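Observations on chain architecture
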Amino acid sequence: MPHLQPDPAGLRPRRIAHLDLDAFYASVELLRYPQLKGMPVVIGGGRRCADDAMLQDHGGLPLHQIQLARFPRLGDYTGRGVITTASYAARQFGVGSAMGLMKAAKLCPQAILLPVDFAEYRRYSRAFKDIILDIAPLMEDRGIDEVYIDFTDVPGGQRDGGRVLARLIQKTIFQHTGLTCSVGVAPNKLLAKMASEFNKPNGIAIVLEQDLQSKIWPLACRKINGVGPKADQKLHGLGLQTIGELAQKEVDWLIDHFGQKTGAWLYDAARGVDASPVVLDSEPVSISRETTFERDLHAVRDKAELGAIFTRLCQQVADDLQRKAYVGKTIGIKLRYDNFKAITRDQTLSDHTADARTIRQTAGQCLKRVPLHQKIRLLGVRVASLRPVKDALVYEQNRPLAQTNKAQEASYLIANEGQLF
Ligand SMILES: [Mg+2]
């Protein structure tokens, strides 16, 4: 049996939970509009006339009394938006996150379509995280609807493998917010993340060290958090479908095929080994902006338009970073082609930055590395490997002034507006 990481004190076995809200955005909307419960609901696109008309015209009735017939339907949608979240009832029709709304409309035209309301989701996000922190203080924030929690030393955290504490947290979140979540509790983050999916929605799954072969090994390699579509494709090419099959491979063989770092990581992951700590007060992982175009654009024929959009995205990301007081080191781009295939590229700089010009230059370098003969429907810019600017101030002082000169930055951006690279 593979050896799993003991907790540093060696007293109690490590118990780590991954908690993930169920269909979060859709669930928040159902709290606002309980009359939609059990109906297919999809969240996506921007605020549209139909929603505004509905809200204006509901004659001052409370939101929960708006008649079903008044809600906008997916079948009436025209545009280029994508689904952010689909309610479980909508998922029955085969619609899901990241699907184009027009495509989803063909599968489930009767679904209610609601616009994304991030302010409301953030409010609920803070609420459920505060509830968790009251019960179990060691929490790692992993985004708007998921967290890791270190159960090891929390009362109830060891009982029944963590089930008792998981149930308490689940129940308290539901009582206070009306939202359901799914929890996986395991010896580490890697396994907990997989486990939280086992009994979705509103489920709890416990994975113990001895469950590796029965619960983890039958899963597809893609279920390992960190195995993306590309690595998965490569694993398939090598004849490896399941984590169990991956676990049969020698570390040297994996390193030969995937390089030192990834090979060694895959070897451990397949054995359920992951020593990564639960990081408290987690910073955002990345800051990004993306846009779906009104019409598909071509890199050559629509170069000026695309260049202007690209520059604007970089400027927005830089503004976001500066406003939130972060600097980042890894600059990335995301493209979605007209056939919906997405591609990402990134580049890591030697220094952290929040400088629009640097982001634009680096993102341009990334863009040079992708095929551009096909039309594009979406473009995104992302800055990752973030750190708070407080620490960065020390660094900024040692930096050539020219690079932080705002005026110069602005003139560069204007001069390059019509350029792609
Ligand atoms: Mg979720």
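Residues numbered from 1 in each chain as written. Predicted model: local features only at pLDDT ≥ 70, side-chain atom pairs only at ≥ 80, totals over all residues. Heavy atoms only, no water.

Looking at the packing of helix H5 (residues 118-135) against helix H6 (residues 163-177)
Put simply, the test is: In this analysis, axes come from line fits to C-alpha atoms, helices being fitted only over the stretch in contact, and the angle between any two N-to-C directions falls in the range 0 to 180 degrees. Elements are defined by DSSP. Helices are runs of H or I of four residues or more, strands are runs of E of two residues or more, and each kind is numbered from the N terminus. Each angle is binned into one of four classes, with values under 35 degrees roughly parallel, values over 145 roughly antiparallel, values of 65 to 115 roughly perpendicular, and all other values oblique. We call a crossing left-handed when the near helix sits turned anticlockwise from the far one by less than a right angle, and right-handed when that turn is clockwise. Residue contacts follow a heavy-atom distance rule, with two residues in contact if any of their heavy atoms lie within 4.5 Å. Residues are grouped as follows: Ala, Val, Leu, Ile, Met, Phe, Trp, Tyr, Cys and Pro are nonpolar; Asp, Glu, Lys and Arg are charged; all remaining types, including Gly, are polar.
In contact at an axis separation of 10 Å, H5 and H6 are set at 140° when each is read in the N-to-C sense. Relative to H6, the element H5 lies oblique. The way H5 lies across H6 gives a crossing that is right-handed. Residues Tyr124, Ala127, Phe128, Ile131, Ile132 and Ile135 of H5 touch H6, and the partners they reach there are Leu165, Leu168, Ile169, Thr172, Ile173, His176 and Thr177. Here the residues of the contact of H5 with H6 sort into 10 nonpolar, three polar and no charged.

So, the confidence of the model for the protein
As a reminder of what qualifies: Per-residue confidence from the prediction method is given by pLDDT, with values spanning 0 to 100.
The predicted model of the protein has a mean per-residue pLDDT of 87, with 88% of residues at 70 or higher. Across residues 391-417, confidence stays below pLDDT 50; counting only partners more than four residues off in sequence or on other chains, it has 35 contacts.

A word on the coordination of the magnesium ion
Using the following cut-off: Metal coordination here is assigned from N, O and S atoms located within 2.8 Å of the ion, or within 3.2 Å for Na, K and Ca; omission of water means that sites may look incomplete. Relative accessibility under 20% of the residue-type maximum defines a buried residue, over 50% an exposed one, and the middle range a partly exposed one, all with a 1.4 Å probe and only protein chains included.
On the protein side, the magnesium ion has Asp20 (OD), Leu21 (O) and Asp145 (OD) as donor atoms, found 2.3 to 2.8 Å from it. For the magnesium ion, all donor residues lie on one chain, and their spacing in sequence is D-L-x123-D. Linking Leu21 in strand E1 (residues 16-21) with Asp145 in the loop between strand E5 (139-141) and strand E6 (146-150), this pair joins segments that are 124 residues apart in sequence. Take Leu21 and Asp145: they sit in the same class, and that class is buried.

Let's talk about the sheet that holds E1
Operational definition: Only strands that DSSP links by at least two bridges are regarded as paired with each other.
The strand order across the open sheet formed by five strands is E5-E6-E1-E7-E8, and the pairing between neighbours is mixed. Edge positions in the sheet fall to E5 and strand E8 (204-206), since each of these pairs with one other strand and no more. Across the sheet, the axes of successive neighbouring strands diverge by a mean angle of 15°, strand direction being ignored. As defined by bridge partners, E5 adjoins E6 across three bridges and the pair is classed as antiparallel. Looking across to E6, one finds that Glu140 is bridged to Tyr148.

Focus: the sheet that holds strand E4 (residues 112-114)
Pairing is mixed in the open sheet, where three strands are placed in the order E3-E2-E4. Since the sheet does not close on itself, it has two edges, and those belong to strand E3 (83-86) and E4, each with one partner. For this sheet, the mean angle separating the axes of adjacent strands, direction not counted, is 25°. By the bridge criterion, three bridges tie strand E2 (residues 41-44) to E4 in an arrangement that is parallel. What sits directly across from Val42, in E4, is Leu113.

Here's the deal with the environment of Ile135
Looking at the secondary structure, you find Ile135 in helix H5. The exposure class assigned to Ile135 is partly exposed, which follows from its relative accessible area of 21%. On a C-alpha basis, the gap between Ile135 and Thr172 in space is 9.3 Å, while along the polypeptide they are 37 residues apart. Once residues lying within four places of it in the same chain are set aside, the contact partners of Ile135 are Val154, Leu165, Leu168, Ile169 and Thr172.

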